[in-house]
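So the chains spell out like this:
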Amino acid sequence: MSQNEDNTQNEDYKGYRGKALEKLREFEAKIWSDVEIATPGGNYVGFILPRSETADDLHIVVKLRTGYNIGVACRKVTDIKINGRKVANYKIPEQDFPYDKRKPRVKLFGTGGTIASRLDYRTGAVIPAFSPGELYGSVPELADYCNLETEKLYGVFSENMGPGQWKGIAEAIAKEIEKGVQGVIIGHGTDTMHHTSAILSFMLQNTPVPIVMVGSQRSSDRPSSDAALNLIHSVKTAADSDIAEVLVCMFGPTSDQYGLLHRGTRVRKMHSSYRSTFRTIGDIPIAMVDRNTVTPIRNDYKHRRNDKDFILKPYFEDMVGIVYYYPNMQPDIINSMIDNGYKGIVIAGTGLGHVNKPLYPALKRARDEGIAVYMTVQTLWGYVQMYVYETGREMMGLGVVPAANMLPEVAYVKLGWALGQTSDLDKVKDIMLTPVAGEITEREPSNGYLIYQGGIPEVEEFISKYKK
Ligand code: ASP
């Protein structure tokens, strides 16, 4: 065994190599030691964490008392005082959910994502390693609301979700509704939660019970994690609320005042790291939720029922794609999709729904070869309006169909779903332009764009500073 292998495999200094390892050895500071590290810039108090195997050999990683992890440059370390050592055990106990016959039965399906993750200190990455039973073990309040049953369907980050998983989830929910479940929760990575919420709204229509998608932006080992509260809000919604729709349940404002329930076809992840990342686009959210109450903020939602008259349509044509237009885009992109057998293309165009003239011959070719092409807007808010400018009218002449105010991702999954049912383009158009679950609305509410972007209290607080 080489010196290097010896070092990286040494449990006491797990993951550390080179200069960082030398520094730790100098002070006999092993991983999980409770330390005070002195540097000219200040002292750091906390636990030494194992180091990611792929990370550099120049930093020592410390979990500070605040719960945040920082990397201290080892060349700056002048002293390490050891106050103790406690090897952490990150296994969360699996616990059986307590049964109370007066409470509703709710099913939680796990699919992966940060909500089902904890930090893997070996690689430094967040890994899906957290079963639904462990979720209960860490958030026991869930038992106040319902009898929760859990089942792990998948264990992936949400970029790996796709048609196979979408169908699998829709079918699994349908089985639960048949068995009389009173609410369903789907734990899911946030990155593509809005794709899944949209496709489930199409695949599983007229649900008699709430279907609530939930995730978290920050993993549960972090003090600012939103995992527990989002989970509590989703369980409250699934168990008690009167809203029988596919919903996304995530933080409303940036702080933990309340969650918002967004309609599955009108929601989008809008911030890469804020916990309040999900926003209803082109509309207002359906309701607010806290630990005690679900408060509707609109009244046109579908209500909970006792029947099982839902419709299951788990279809999807894989050969569909989105093209995000940018200035100077060349027709080769559209041509290659045609050459590769794509059956449907959604364009996210500029402004009211435009692309440049060099793309026209490729669009004409797509039409002549029987490919369904739909236009959406990059602005996200607002409608495609192809009658206003010459460009729009010309493109409609080339067979491009305006998709009203469907969000690009929603139009993408709907087109895959429509083409999964028929290849008759007139029928596809009928399906595409007939609203199923709020994906096309007659108008945008005038207050939606301005007010609900930051959460009502935050906007009011902001404005009050200027309105004295
Ligand atoms: N990359 C993760 C996912 O979407 C992020 C998250 O869960 O929030 O699976």
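Relevant structure appears above.
Just so it is clear, the model here is predicted, and its values are computed rather than measured.

### Topic: the environment of Ser216
1) Next: Its place among the elements puts Ser216 in the loop between strand S12 (211-214) and helix H6 (227-240).
2) Next: As for Ser216 and Ser276, which are separated by 60 residues in sequence, their C-alpha atoms are 9.8 Å apart.
3) Next: Dropping the residues within four chain positions of it, Ser216 is found in contact with Thr114, Ile115, Thr190, Asp226, Ala227, Asn230 and Met250.
4) Next: Of note is the side chain of Ser216, whose polar atom sits 3.4 Å from the backbone oxygen of Arg218.

### What about the packing of helix H5 (residues 193-203) against helix H10 (residues 408-419)?
1) Next: Following both chains from N to C, one finds H5 and H10 inclined at 40°, their axes separated by 9 Å at the closest point. Considered as vectors, H5 and H10 are oriented oblique to each other. The two elements H5 and H10 meet at a crossing, and its hand is right-handed. On H10, the residues touching His194, His195, Ala198, Ile199, Phe202 and Met203 of H5 are Glu409, Val410, Tyr412, Val413, Lys414 and Trp417.
2) Next: Split into classes, the residues belonging to the contact of H5 with H10 amount to 8 nonpolar, 2 polar and 2 charged.

### Some remarks on the sheet that holds strand S21 (residues 344-349)
1) Next: With parallel pairing, the 4 strands of this open sheet are ordered in space as S20-S21-S22-S23. Looking at which strands have only one partner, the edges of the open sheet turn out to be strand S20 (320-324) and strand S23 (401-402).
2) Next: Pairing between S20 and S21: 5 bridges, direction parallel. Residue pairing for S21: Val320 is matched across the bridge by Gly344.

### Let's talk about the site of the ligand
1) Next: Taken together, Gly113, Thr114, Phe157, Ser158, Glu159, Gly189, Thr190, Asp191, Ser216 and Gln217 are the residues near the ligand.
2) Next: Within the backbone of Ser216, a nitrogen or oxygen atom sits 2.9 Å from an oxygen atom of the ligand.
3) Next: Isolated, the ligand exposes 260 Å² of accessible area, and the fraction of that covered by the protein chains is 88%.

Conventions we followed
Residues numbered from 1 in each chain as written. Predicted model: local features only at pLDDT ≥ 70, side-chain atom pairs only at ≥ 80, totals over all residues. Heavy atoms only, no water. Helix = DSSP H or I, 4+ residues; strand = E, 2+ residues; numbered from the N terminus. Contact = heavy atoms within 4.5 Å. Polar contact = N/O pair within 3.5 Å; in protein donor to acceptor, adjacent residues only side chain to side chain. Axes fitted to C-alpha atoms, helices over the stretch in contact; angles between N-to-C directions. Parallel < 35°, antiparallel > 145°, perpendicular 65-115°, else oblique. Left-handed = near helix turned anticlockwise from the far one by under 90°. Nonpolar A, V, L, I, M, F, W, Y, C, P; charged D, E, K, R; others polar. Pairing = 2+ DSSP bridges. Near = heavy atom within 4 Å. Areas by Shrake-Rupley, 256 points an atom, 1.4 Å probe, with all protein chains shown as cover.

Interpretation note: all reported values are geometric properties and have no functional meaning in isolation.
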